[in-house]
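Each chain is listed here by its residues.
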Amino acid sequence: MEVIVVDNYDKLSKKAFEIVKESIINKPNANLGLATGSTPLGLYKEMVKEFENSKTSYKNVKTFNLDEYIGLSQDNEQSYFKFMRNNLFDYIDIDFENTYIPFGTASNVENECVRYNTILEENIVDLQVLGIGVNGHIGFNEPGSLFYEGVHVVKLDERTRNDNARFFESKNQVPTSAITMGIKNILSCKKILLLASGKAKAKAIYEMIHGDILETMPASALRVHPNVVIIVDKEAASLL
Ligand code: GLP
């Protein structure tokens, strides 16, 4: 694991963008794995800003999102589908046909998991962007997730629902389950870029890097991957 410590969130976003841009310059038809949450927002702003100025093209890029809430339709403002449109896809030249996110309102969620898993098997992700939950979750792989699982349905941890309640009008609107790439899918990506900012993430970052590799700390699975870059600001790195 390569760990890069930067001064603040702005520098974290700029450094992350350098890595994303490099992968697209090297391979204009790269498969990019994308994440939601507040952490990658700065990266997405950098991508949009640079697209407007220099026109790095995303026309041939395909994107694959980590997860989606079950029960939220694509036009729900809190769905990850809408999040990606609002924060990135609407502002770059990506072809929407090339953007993949599980359907949160699929009539059969198990079939939807199989469908999304097949898409991931057919399109190896070149660079997967990840955030991390306070409890060490990646995507929506909560503590206790099996490291060998592919795309699956997950019941959300109360801690995660509390953390994500800030995006909703009230906590009881936060869905109780989600479809997520499994740790197995994440470990199949060629390169992983994990971003973390703020003191609340310091313990998870410490345990991911220095703790045991355990299913109770999902992010610790990344230690077996040969190509992981972690960018943390000083606060998230404060226990390292
Ligand atoms: C959500 C997402 C994760 C994300 C995490 C952290 O639960 N499913 O992919 O990494 O939140 O979010 P934030 O970056 O807002 O702290």
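Above this note sits the structure.
For the structure given in this document, a descriptive report is provided here.

The rules behind the values
- Residues numbered from 1 in each chain as written.
- Predicted model: local features only at pLDDT ≥ 70, side-chain atom pairs only at ≥ 80, totals over all residues.
- Heavy atoms only, no water.
- Near = heavy atom within 4 Å.
- Polar contact = N/O pair within 3.5 Å; in protein donor to acceptor, adjacent residues only side chain to side chain.
- Areas by Shrake-Rupley, 256 points an atom, 1.4 Å probe, with all protein chains shown as cover.
- 1 Å grid on protein atoms, 1.4 Å probe; cavity = no way out; pocket = protein on both sides within 12 Å on 5 of 7 lines; lining within 4 Å.
- Sits in = over half its atoms within 2 Å of the grid points.
- Nonpolar A, V, L, I, M, F, W, Y, C, P; charged D, E, K, R; others polar.
- Helix = DSSP H or I, 4+ residues; strand = E, 2+ residues; numbered from the N terminus.
- Expected span 1.5 Å × (residues − 1).
- Buried < 20%, exposed > 50% of the residue type's maximum accessible area, 1.4 Å probe, protein only.
- Points joined across faces, edges and corners; volume = space filled by probe spheres on them.
- Phe/Tyr/Trp six-rings, centres within 6.5 Å; stacked < 30°, edge-to-face > 60°.

**With respect to the site of the ligand**
Alright, step 1. Close to the ligand lie 15 residues; Ser38, Thr39, Asp67, Arg166 and Lys201 are nearest.
Alright, step 2. In the model, a nitrogen atom of the ligand is placed 2.9 Å from a nitrogen or oxygen of the Asp67 side chain.
Alright, step 3. Within the backbone of Gly139, an N or O atom sits 3.3 Å from a nitrogen atom of the ligand.
Alright, step 4. Relative to its free-state accessible area of 390 Å², the ligand is covered by the protein chains to the extent of 94%.
Alright, step 5. Its atoms largely coinciding with the cavity grid, the ligand occupies the largest pocket.
Alright, step 6. A per-class count over the shell around the ligand returns 3 nonpolar, 9 polar and 3 charged.

**Some thoughts on helix H2 (residues 41-54)**
Alright, step 1. Counted at 1.5 Å a residue, the expected span for H2 with its 14 residues is 20 Å, and the 20 Å between its end C-alpha atoms agrees.
Alright, step 2. Within H2, the full set of buried residues consists of Gly42, Leu43, Tyr44, Glu46, Met47, Val48, Glu50 and Phe51.
Alright, step 3. Lys55 sits one or two residues past H2 and shows a positive phi near 60°.

**Structural notes on the layout of surface pockets**
Alright, step 1. Each pocket or cavity is described by its volume, and for the largest pocket that value is around 600 Å³.
Alright, step 2. As for the largest pocket, its lining consists of 34 residues, and the residues nearest its centre are Thr36, Gly37, Ser38, Asn164 and Arg166.
Alright, step 3. A total of 4 residues in the lining of the largest pocket trace back to one element, the largest contributor, which is helix H5 (residues 158-164).
Alright, step 4. Among the residues forming the lining of the largest pocket, the class breakdown is 13 nonpolar, 14 polar and 7 charged.

**Points about the packing of aromatic side chains**
Alright, step 1. Applying the stated criterion to the full structure yields 7 aromatic pairs.
Alright, step 2. Aromatic pair Tyr69 and Phe140: ring centres 5.5 Å apart, planes at 50°, arrangement tilted. Taken together, the residues span a long stretch of sequence, with Tyr69 in strand S4 (residues 67-69) and Phe140 in the loop between strand S6 (127-130) and strand S7 (152-155) at a distance of 71 residues.
Alright, step 3. By relative accessible area, which is 1% here, Phe140 ends up buried.

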